[in-house]
Amino acid sequence: MLDGHAALKGAAEAVPNDTIIDVAIVFPDGTTAAQLGGTGAGAVAGGLLGSANAAGGLAGVGSLAAEHELEKEGGDAASVVLALSDSTLYLLGRHRIGALASFKNLTVIASIPRANAKVETAHAGIVHSVKITDSASGQVYEYEAKPMGSGLSEFAARLHG
């Protein structure tokens with residue numbers, strides 16, 4: 001997982017009156033496409049400079065630039081930590097992503113009683129879509145997860161298990 005220990009610690013700090021037992025990390029819809037576009041643009045620029053190392057370095061810069069654009073666009077958060085306790089599913093907003101981001105100062109976007117929480121995942125190419133429904137209120141939250149490192153598969157199994 002993308003620094004699962006830090007995400008778990010940040011979730012525990014955001015929800016001090018509950019015991020967080022598992023976390024997963026998801027992103028607003030479109031994040032993966034934006035990052036792939038930024039990486040591709042960086043690789044093209046590096047290729048024009050004629051260096052494989054430049055291509056790799058600029059691809060990373062392109063990816064960070066795409067993440068920065070997503071952060072500027074706002075919304076609830078740049079990424080979301082799904083935090084699970086024995087009784088509740090919390091959606092915690094993380095307002096920065098990228099190399100210098102941390103899991104400190106997470107903001108509670110929603111808290112859903114575990115009995116009312118339904119998490120559905122699906123694959124669309126390399127993107128894993130995530131749909132979270134609060135059956136009591138009917139509220140739906142839609143995100144996407146990275147193909148690797150989100151911890152989502154284990155998290156969904158634990159939530160529904």
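Heads up: the structure comes first, above all this text.
Conventions adopted
Residues numbered from 1 in each chain as written. Predicted model: local features only at pLDDT ≥ 70, side-chain atom pairs only at ≥ 80, totals over all residues. Heavy atoms only, no water. Helix = DSSP H or I, 4+ residues; strand = E, 2+ residues; numbered from the N terminus. Buried < 20%, exposed > 50% of the residue type's maximum accessible area, 1.4 Å probe, protein only. Contact = heavy atoms within 4.5 Å. Polar contact = N/O pair within 3.5 Å; in protein donor to acceptor, adjacent residues only side chain to side chain. Pairing = 2+ DSSP bridges. Arc of directions from axis to C-beta. Axes fitted to C-alpha atoms, helices over the stretch in contact; angles between N-to-C directions. Phe/Tyr/Trp six-rings, centres within 6.5 Å; stacked < 30°, edge-to-face > 60°. Lys NZ or Arg CZ within 6 Å of the ring centre and 35° of its normal.

*Asks:* Before we go on, may I ask you to explain the overall build of the chain in this structure?
*Replies:* When helices and strands are counted, the chain shows 4 helices and 7 strands. Start at the N end of the chain and walk to the C end: the helices and strands fall as α-β-α-α-β-β-β-β-β-β-α. The 161 residues of the chain split such that 41% are buried. Of the contacts made within the chain by residues no fewer than 6 positions apart, 55% connect residues no fewer than 24 positions apart.

*Asks:* How should the environment of Asp134 be read in this particular structure?
*Replies:* Within the secondary structure layout, Asp134 lies in strand 6 (residues 127-134). Its relative accessible area of 10% is what places Asp134 among the buried residues. Apart from residues no more than four positions distant in its own chain, Asp134 is found in contact with Ile112, Asn116 and Gln139. Within polar-contact distance, the side chain of Asp134 engages the backbone nitrogen of Ala136 at 3.0 Å.

*Asks:* What should I look at first to understand the pairing of strand 5 (residues 117-124) in this one?
*Replies:* Across a regular strand the side chains alternate sides, sitting on one face of the sheet and then on the other. Note: strand 5 against strand 6, 8 bridges, orientation antiparallel. Residue His123 lies in a different strand from strand 6, and its bridge partner there is His128. Count of turn residues in the strand 5/strand 6 antiparallel hairpin: 2 residues, of which Gly125 carries a positive phi of about 70°.

*Asks:* Could you clarify how one ought to interpret helix 1 (residues 4-14) in this entry?
*Replies:* An α-helix turns once per 3.6 residues; consequently, residues spaced three or four apart project the same way. Buried residues of helix 1: Ala7, Gly10 and Ala11, and no others. One side of helix 1 holds all its buried residues, which, seen down the axis, span an arc of 100°. Exposed and facing more than 90 degrees away from the buried side of helix 1 are His5 and Lys9.

*Asks:* It is not clear to me how the sheet that holds strand 6 should be interpreted in this structure. Could you clarify?
*Replies:* Two pairing modes exist for strands in a sheet, parallel and antiparallel, and in both the strands are linked by backbone hydrogen bonds. The 7 strands are arranged 4-3-2-1-7-6-5 in an open sheet whose pairing can be described as antiparallel. Lying at the two open borders of the sheet, with one neighbouring strand each, are strand 4 (107-113) and strand 5. Taking the axes of each pair of neighbouring strands and ignoring which way they run, one obtains an average angle of 30° across the sheet. In this sheet, strand 2 (residues 79-84) lies alongside strand 1 (residues 22-28) in antiparallel orientation, the contact comprising 5 bridges. Pairing of Ala24 across the sheet is with Leu82, part of strand 2. Its contacts with the sheet put helix 1 on strand 1, strand 2, strand 3 (88-94) and strand 4, and the angle it makes with strand 1 is roughly 95°. Each of strand 1, strand 2, strand 3, strand 5, strand 6 and strand 7 (140-145) touches helix 4 (residues 152-160); the most contacted strand, strand 1, lies at about 120° to it.

*Asks:* Where do I start with the packing of aromatic side chains in this structure?
*Replies:* Applying the stated criterion to the full structure yields 0 aromatic pairs. The aromatic ring of Phe103 is capped on one face by Arg94, whose charged end is 3.9 Å from the ring centroid.

*Asks:* Would you mind going over helix 4 with me for this structure?
*Replies:* If you check which residues of helix 4 are buried, you get Leu152, Phe155, Ala156 and Leu159. Along helix 4, the residues classed as buried sweep out an arc of 95° about the axis, all on the same side. Opposite the buried face of helix 4, at more than 90 degrees from it, the exposed residues are Ser153, Glu154 and Ala157. Of the surrounding secondary structure, the elements contacted by the buried residues of helix 4 are strand 1, strand 2, strand 3, strand 5, strand 6 and strand 7.

*Asks:* Whenever I open this one, the environment of Ser111 confuses me. Can you help?
*Replies:* Relative to the elements of secondary structure, Ser111 occurs in strand 4. On the accessibility criterion, Ser111 (45% relative accessible area) is partly exposed. Taking the C-alpha atoms as reference, Ser111 lies 6.3 Å from Leu91; in sequence the two are 20 residues apart. In contact with Ser111, not counting residues within four places along its chain, are Thr88, Leu89 and Tyr90.

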